[in-house]
Amino acid sequence: LTPAPTTDGYNRFDYDTDDDDLKKTDDERTSTSVVTQASKNEKNSNDDEKKEAAPKPRGLKSGEYTSFTGVFGVYQQFGGYGEGGRCVSRHNSIDDANRAAADLFEQYCKDRELEVGCEEILAHNPYQAFATIHGQSNTLHVKAQELEIEECQVAELKQILKRDHIELTKKTQSKKKLLAAIKPHIQHKKHLNRYKEIDFGSCELCRDRHPDQYQEYQAEKARDPAVVRGKLISNMYRKTLFDAIKESEVKAQYGLTDDDLEKAVAAQELHFQKRSCFGNYYRRYERGDIIRYYKKMQKLKKETETELEEKTESKRKSETPDDGERASEVAEPMTKKRKLNNVK
C-alpha cells in the first residue's frame, strides 16, 4: 500500500475493500447499501432542518474564502527550517499540489538515499527527510501551500481578476497595477471571513462603497483622546536635529522624568527623534528646547512655591489675633467683674 496525500497535508492509506465485505453476497451488499443510503438521506434532511432553524450570523460564514489566489505551489528547500524555498511547480488545486509534493519527495529521497524522519516528525511535516552531506546534517523540506499574491504571474493574476469579476482595462496590464486591483478585494474577503461586514480600518473597498459611514467613522475617531494625543506627539517628531541630546543625559543633567518629557512633547514644547542601539530604542531631543523647557519649569516651580507661601502666611495671620484684639479680650472680663461687684 502507498500513502495517498490528502487536502490536510497528511498521508493516509487507502483501503478499497474489507475482509468482511468480501464474505458478503450481492443481495446482502445491495440491502446494506439501500439501508445506508436511506439513513444518510434522513441524516442530511435533519441537518438541513437544523441549519434552517439556526440563526444565521452576520456576514459570511467563517472560512468561506479558504483560498484567495487559487494557485498552489510545491516548495522545495534543503537545509534550514524556514518556510521559504524554491517553487518547483504550480497547480490549480491543493490536492494536485500535495500529490506532486509527495511524488517529488519520494523521488528525491530515492535518488539520494536520504533517511526519512520518524512518524512523529512526519505527522508534523509530512515531507521532511534528513541526510549528512560533507559531515554536516541537513534537512529536506518539500511542502505544498498556496502562493502569495506577489508570487503569482501576470497570466495567473488576470485569471484571478476574471474569477472575482473585477474589471480589467487596458491600463491594468502590468503586474504592479494588477496587484493594486486585486489586493483590496482579498482584504475585503479576509474581514468577511471574520464575520465583519464592514471594516474601515483596513479595507479600501468598504471606504469607497460606504463614504457617508466612513466620514462618520473618521469624525468619531478624531474625537478619541488617544488619537488626538498621538497626532500631537507625531507633530513634534523630526528626522534630523541640529543639537541633539540623549534622553539619559536629559534626566541626569536636568532632573526631568519620563512623565515630564511625555507631557512636554504632547504640549508641543519639545521636538524629538527615535534612535536604536543593539535593538534598544531611545529618544533624542533638541538641546535648545530642553533648556527652554527647563527654565520654564523652574520659573513655574518658583511661582508655585511663592504662591503657596503667601497662602500659608495669610492663613496664619487670619488665625492669629493682633494686639488690639488681645487687649479688648483682657478688658472685657474685667468690666464684667466690676459690674458684678457694683450690683452686690
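Reading the values: rules and limits
- Residues numbered from 1 in each chain as written.
- Predicted model: local features only at pLDDT ≥ 70, side-chain atom pairs only at ≥ 80, totals over all residues.
- Heavy atoms only, no water.
- Salt bridge = Lys/Arg side-chain N within 4 Å of Asp/Glu carboxyl O.
- Helix = DSSP H or I, 4+ residues; strand = E, 2+ residues; numbered from the N terminus.
- Buried < 20%, exposed > 50% of the residue type's maximum accessible area, 1.4 Å probe, protein only.
- Contact = heavy atoms within 4.5 Å.
- Pairing = 2+ DSSP bridges.
- Axes fitted to C-alpha atoms, helices over the stretch in contact; angles between N-to-C directions.
- Arc of directions from axis to C-beta.
- pLDDT = per-residue confidence, 0-100.
- Patch = residues over 30% accessible without salt bridge, like charges linked within 9 Å, V, L, I, M, F, W, Y side chains within 5 Å.
- Areas by Shrake-Rupley, 256 points an atom, 1.4 Å probe, with all protein chains shown as cover.
- Lys, Arg positive; Asp, Glu negative; His and termini not counted.
- Charge placed at Lys NZ, Arg CZ, Asp CG, Glu CD.
- Expected span 1.5 Å × (residues − 1).
- Polar contact = N/O pair within 3.5 Å; in protein donor to acceptor, adjacent residues only side chain to side chain.

Visitor: So what about the pattern of salt bridges? Which residues, and what values?
Guide: In the structure shown here, the tally under the stated rule is 16 salt bridges. One salt bridge in this structure joins glutamate 150 and lysine 183, with 3.0 Å as the shortest N-O distance. Here glutamate 150 is found in the loop between strand 7 (136-146) and helix 5 (154-163), whereas its partner lysine 183 is found in helix 6 (residues 175-193), with 33 residues between them in sequence. Overall, the relative accessible area of 38% leaves lysine 183 in the partly exposed class. Across the pair lysine 251 and aspartate 258 runs a salt bridge, and its minimum N-O distance is 2.4 Å.

Visitor: So what's going on with the environment of leucine 104? Residues and values would help.
Guide: Structurally, leucine 104 can be placed in helix 3 (residues 94-112). Expressed as a C-alpha distance, the spacing of leucine 104 and glutamine 76, which sit 28 residues apart in the sequence, is 9.0 Å. Apart from residues lying up to four places away in sequence, leucine 104 is in contact with Val74, Gln76, Val88 and Val142.

Visitor: Can you lay out the sheet that holds strand 10 (residues 280-286) for me, pointing to particular residues and giving the numbers?
Guide: Strand pairing in a sheet relies on backbone hydrogen bonds. The paired strands run either parallel or antiparallel. The strand order across the open sheet built from three strands is 8-10-9, with neighbouring strands paired in antiparallel fashion. Strands with a single pairing partner mark the edges of an open sheet, and in this sheet they are strand 8 (244-246) and strand 9 (272-277). Here the average twist between neighbouring strands, direction ignored, is 40°. Taken together, the six bridges between strand 9 and strand 10 define a ladder with antiparallel strand orientation.

Visitor: Before we move on, could you go through helix 10 (residues 247-254) and cite the residues and values that matter?
Guide: Among all positions in helix 10, only Glu247, Val250 and Tyr254 are buried. Down the axis of helix 10, the smallest arc covering the buried residues is 65°, so these residues share one side. In helix 10, the exposed residues that point more than 90 degrees away from the buried face are Ser248 and Ala252. Contacts from the buried residues of helix 10 go to strand 8, helix 11 (258-266), strand 10 and helix 12 (287-319).

Visitor: Before we move on, can you summarise the confidence of the model for the protein with the specific residues and values?
Guide: Across the protein, the average pLDDT comes to 77, with 69% of residues at or above 70. Residue range residues 1-24 is modelled with pLDDT below 50. Its contacts to residues more than four positions away, or to other chains, number 34 contacts. Below a pLDDT of 50 lies the segment residues 50-60, which in the model reaches seven contacts outside its immediate sequence neighbourhood of four places, other chains included.

Visitor: Explain a negative patch on the surface to me, using residue names and the numbers behind them.
Guide: Taken together, the side chains of Asp212, Glu216, Glu220 and Asp224 present a region of like negative charge at the surface. In this structure, glutamate 220 sits in helix 8 (residues 211-222).

Visitor: Describe helix 12, naming the residues involved and giving the relevant values.
Guide: Taking 1.5 Å per residue as the helical rise, helix 12 with its 33 residues ought to reach 48 Å, and the 48 Å between its terminal C-alpha atoms agrees with that figure. Contacts from the buried residues of helix 12 go to strand 8, helix 10, helix 11 and strand 10.

Visitor: Account for unusual backbone geometry, naming residues and giving values.
Guide: Positive phi outside glycine occurs at histidine 165, with the angle close to 60°. Relative to the assigned elements, histidine 165 resides in the loop between helix 5 and helix 6. On the accessibility criterion, histidine 165 (72% relative accessible area) is exposed. In the Ramachandran plot, phenylalanine 278 falls in the positive-phi region, its phi being about 55° despite a non-glycine side chain. Assessed through its relative accessible area of 83%, phenylalanine 278 is described here as exposed.

Visitor: Pulling in residues and values, what's your account of the side chain of histidine 191?
Guide: Tracing the sequence through the fold places histidine 191 in helix 6. Polar contacts involving the side chain of histidine 191 include one to the side chain of histidine 188, which spans 3.1 Å. Side-chain polar atoms of histidine 191 contact the backbone oxygen of lysine 196, separated by 2.6 Å. The residues contacting histidine 191, other than those within four sequence positions of it, are Lys196, Glu197, Ile198, Asp199, Cys203 and Cys206.

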